[in-house]
Structures are given as C-alpha cells and as structure tokens.
Amino acid sequence: MANVQLTVNGKAVSADVEDRTLLVQLLRDHLGLTGTHVGCDTSQCGACIVHIDGRAVKSCTTLVGQVDGANITTIEGISKGDELHPMQAAFRDNHGLQCGYCTPGMIMSAIDIVNRYGADLDEDTVRHELEGNICRCTGYHNIVKSVLDAASRMKLSIAAE
Amino acid sequence: MYSTTYHRPATVDEAVALFAKGSDAKYLAGGHTLLPVMKQRLAAPSDVIDIARIPTLIGIEASSETLTIKAATTYFDILSSADVKRTIPAIAHLTSVLGDPAVRYRGTIGGSVATNDPTADYPAAVLALNATVKTNRREIPADAFFQGLFTTALENDEIITAIAFPIPEKAGYAKMRNPASRFALTAVFVAKLKSGEIRVTATGASQDGVMRVPVIEQALAANWSAAALEGITISEEGLMADIHGTSDYRANLIKVMAQRAVAAAG
C-alpha cells in the first residue's frame, strides 16, 4: 500500500491504494469519476486519456505512483459549471459522437492538440494527431469536423479572456 | 496485474541499490511496454523502480559530430528538439511515426532500446547509425548491443544512461505501420555515415529482432539511389509471419521501405 497525493480537477486528493493501482482505476473505482473509460486496456484505443500536468496521457498505462504529486484533469473537470468546454460544445454541435464511448478520450486528446497547435489546425494534422484514439462507430469525419470547429472557438474564447 | 512495490529513486545509484534489494525487480521508464505486459500477467516484478524522472537521465546534447539523447528523454521531447531536427532529421521523422501523441508523452528512447521489441523503431536507428549505448557501467557499440528478440547486452541491473548517435552524412527512415498498434509491420533505416560506411537496418521483419540488410548495404554502396534497389530480392528466410503479414510480404516490404528511406534521405 502507498499513499498518493495528487490534484484531480482542481481538488486535492489523498488516497491509500495498492502500488499496482492504475490511474484509471483510482479515478473510476476510488474517486467515482467514471467519465474516463477503459476501452481496449492495451494502450491502443485512447478511451482512458486524461491530462497529467496538461498532457494527454493514457491513464490505463500509468501507475498511481507515477503521478504522485501531479495535476490531473479528467472529462469531468473541463466544463465551467453548466457551460460546456468549447471542445464539448463543438462535439455536440457537429454530431462528433455516436455511442459516446470514445468521446471523453477524444475530447481530452483534442484539447491537447489544440493547445499544442493553436487554431492553425488543418484536417490532416487532426487526423494524424488523433491516431491514438479509436472510434468503433467509425465516426471520424464528424470528430475531425468537431475538433476543427473547436479550435476556432477556443481561439475566440482565449482572445476574449 | 499482480502485486508489486513501486519506488521512485532520485539518482541512478539509488535505483541500482533498490534493484539489488528486490527479489525480481524491474526498471520502469515510460511504462508503455512494461505495464501492458504486467497487466496481462506475463510479467510480475516484485518491485518496479521508476527511473523516468532522474534528472541526469533527461536531456539532448548535440556537438558537430554526435547527437546524444539521454535515456529517459521522452519521444515528445525528442520530437520537439531543434537539435534533433537539425542534426539527424531521420530520427525526428522516426519519432513522429512512433506510437501516438499520448504514447510519445510517456515513452522513452532508453526504454525502447533496452526492451528491444522486434517491431520497435529506435533499435533500427541505433544499429544503422552505429550508435553507442552508454550505461551506468560502460559503453556498448550497437553491433554488440542487440542480441535477438527482447535480448540485449545489458546486465539485469544495468541502466542505459544515454545513446550517442554519430551524425551521419545522410539518413532516412520509412515505415509501414500496423494501423492499430502503430508498431512497425516492417520499417527500414538507411544511413551513410561520415566515414563513408553504409548501414541499413530493418525492424518488424526478422524473427530475431532488428537486423542489418547486407544485400541492400552493398547495392547502396555501389549506387546510393532508390533505383539501385529495384532488382534486389530479399530472402524471406527467418522473417516473421503472422496475421498481419506473411514472411514474403515482409521481405518485399524491406525492399520497398528501403527505397522510400533512401528517397527521404536524399
């Protein structure tokens, strides 16, 4: 057993867990944050992606010890109250989700992509950068559309702040 | 995953001391090979010793002759490095087609080289560029380092500290990716060293892991061009065959990827 202390969606968390606990297990089973999904469990599908210190990482392939002291953001932590994050709003407006299983990981990856590239995103870049996120509904066309739409919205919202 | 004990030492010496105490310890870097294997219960180390954040293992240095990438440097940092792009752009390209963005934030060059997965990218670059693998004990030339499937010259408790790549005259990398895993279905690294030596390696192809391809090296020594490889036949003997591709498919891929890599190298 180990004690880990981290920040999850802005709140300090202290947990006594076995060393073999994965970050996704801590989030889902211990903290009840079930928005982060386990899809393939083999590091390929990206449904479990969360932000660790601002970087989109697969929480199914991360031990809690590795994130002791880190700042974690999950899908539950990106909206401002009832106001959706621009990436969430763009997915809704562009029909960027079908069954929705991959969506939390897609959104967390997509925010990271826009953070790195800014609004200067093109379709090829988005498709290449989303390689680590698999959608079994094969809804990629509207997902890419959503990310491109969100990139321009996020630029506007950054400019407005 | 079976039970284990996690450690995060601050120095290489501390890591080695912790390794000696464990009954069956393993070093952990990015964890994107070890953790999946532990989750499948194919590995059950008593202790995992996290060396990913030891400061002396992180960083990139370039001189006029050598590009040195320290072992725990992540793929993301390699891909973001102006020194890498300037000195050996083929390594920047290789890194850009390795895994996916989330994997590149965590995976490290030392982890890839120490694991020596037969479909990994970095072993191809290390062997083709005749790099030196530096450890906490010694320096190992690439030709002596890779010793077959998941096998290297490393002692159990030895830690790679850095990889030193001689800056080549030309180098190129071309990869046919497995679209789901992003590992190499077959990829080829071609290099013309400043000494004039030509070294060509293939990964994802051989049952013994990364390999040199002498027949292509000879053809390129006579004529450095993609066209020079047109008439070449690669033997399928010893190549992998699985649900993703037969051995003769991989043999053909070696030739085609080598041609693309030469074209990319210029």
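Just so we're clear, the structure is a prediction, and the values are computed from it rather than from any experiment.

Let's talk about the overall build of chain A
Logical step 1: Counting secondary structure elements, chain A contains 5 helices and 5 strands.
Logical step 2: Helices and strands appear in chain A in the N-to-C order β-β-α-β-β-β-α-α-α-α.
Logical step 3: For chain A, whose C-alpha radius of gyration is 16 Å, the value lies close to the compact-globule estimate of 15 Å for 161 residues.
Logical step 4: The principal-axis extent of the C-alpha atoms belonging to chain A is close to 45 × 35 × 25 Å.
Logical step 5: Burial statistics for chain A: of 161 residues in total, 51% are counted as buried.
Logical step 6: Expressed as a percentage of contacts within chain A between residues at least 6 apart in sequence, the contacts between residues at least 24 apart total 59%.
Logical step 7: Carbon and sulfur atoms make up 48% of the accessible area of chain A, which amounts to about 7400 Å² in all.
Logical step 8: Each charge sign in chain A was given a centre, from 13 positive and 20 negative side chains, and these centres are 4 Å apart.

Focus on the domain arrangement of chain B
Accessible area lost upon the coming together of the parts serves often as the stated size of an interface.
Residue and element names in this part refer to chain B.
Logical step 1: Split by domain assignment, chain B resolves into domain 1 (5-48), domain 2 (58-166) and domain 3 (170-265).
Logical step 2: Taking the mean C-alpha position of each, domain 1 and domain 2 sit 20 Å from one another.
Logical step 3: With 9 residues of domain 1 in contact, the opposing surface of domain 2 contributes 11 residues.
Logical step 4: Taking both sides of the interface into account, the surface hidden between domain 1 and domain 2 amounts to around 790 Å²; carbon and sulfur atoms contribute 77%.
Logical step 5: The interface formed by domain 1 and domain 2 contains 0 salt bridges.
Logical step 6: Where domain 1 packs against domain 2, one counts 1 residue pair in polar contact (both at pLDDT 80 or more).
Logical step 7: A total of 4 residues in the side of domain 1 that touches domain 2 trace back to one element, the largest contributor, which is helix 1 (residues 12-21).
Logical step 8: Per-class residue counts for the side of domain 1 that touches domain 2 are 6 nonpolar, 3 polar and no charged.

Procedures and definitions
- As a convention, each chain's residues are numbered from 1 in the sequence order in which they are written.
- For this description, chains carry letters from A and ligands carry numbers from 1, given in the order in which they are written.
- Per-residue local features of the predicted model are confined to residues with pLDDT of at least 70, and side-chain atom pairs are confined, for both listing and counting, to 80 or more; whole-chain, interface and lining totals are unaffected and use all residues.
- In computing side-chain properties, one takes all heavy atoms of the structure into account and sets aside hydrogens as well as water.
- Put simply, DSSP H or I for four residues or longer makes a helix, DSSP E for two residues or longer makes a strand, and each gets a number counted from the N terminus.
- When we talk radius of gyration, it's over C-alpha atoms, and the globule rule is simply 2.2 Å times the number of residues to the 0.38.
- Here's how the labels work: a residue is buried when its accessible area is under 20% of the maximum for its type, exposed when over 50%, partly exposed in between, all with a 1.4 Å probe on protein chains only.
- The contact definition used throughout considers only heavy atoms, calling two residues in contact when any of these lie within 4.5 Å.
- Surface exposure here means Shrake-Rupley accessible area, sampled with a 1.4 Å probe, where a residue is shielded only by the protein chains that are shown.
- Counted charges follow a simple rule, with Lys and Arg positive, Asp and Glu negative, and His plus the chain ends left uncounted.
- Charge positions are represented by NZ for Lys, CZ for Arg, CG for Asp and CD for Glu.
- Those domain boundaries reflect an automatic or database domain assignment.
- Accessible area that two parts lose when put together, with a 1.4 Å probe and added across both, is what the buried area reports.
- We define a salt bridge as a side-chain nitrogen of Lys or Arg found within 4 Å of a carboxyl oxygen belonging to Asp or Glu.
- N or O atoms closer than or at 3.5 Å make up a polar contact, with two conditions inside protein: a donor-capable atom paired with an acceptor-capable one, and, for residues adjacent in sequence, both atoms drawn from side chains.
- Only Asp, Glu, Lys and Arg are considered charged, only Ala, Val, Leu, Ile, Met, Phe, Trp, Tyr, Cys and Pro nonpolar, and every remaining residue, Gly among them, polar.

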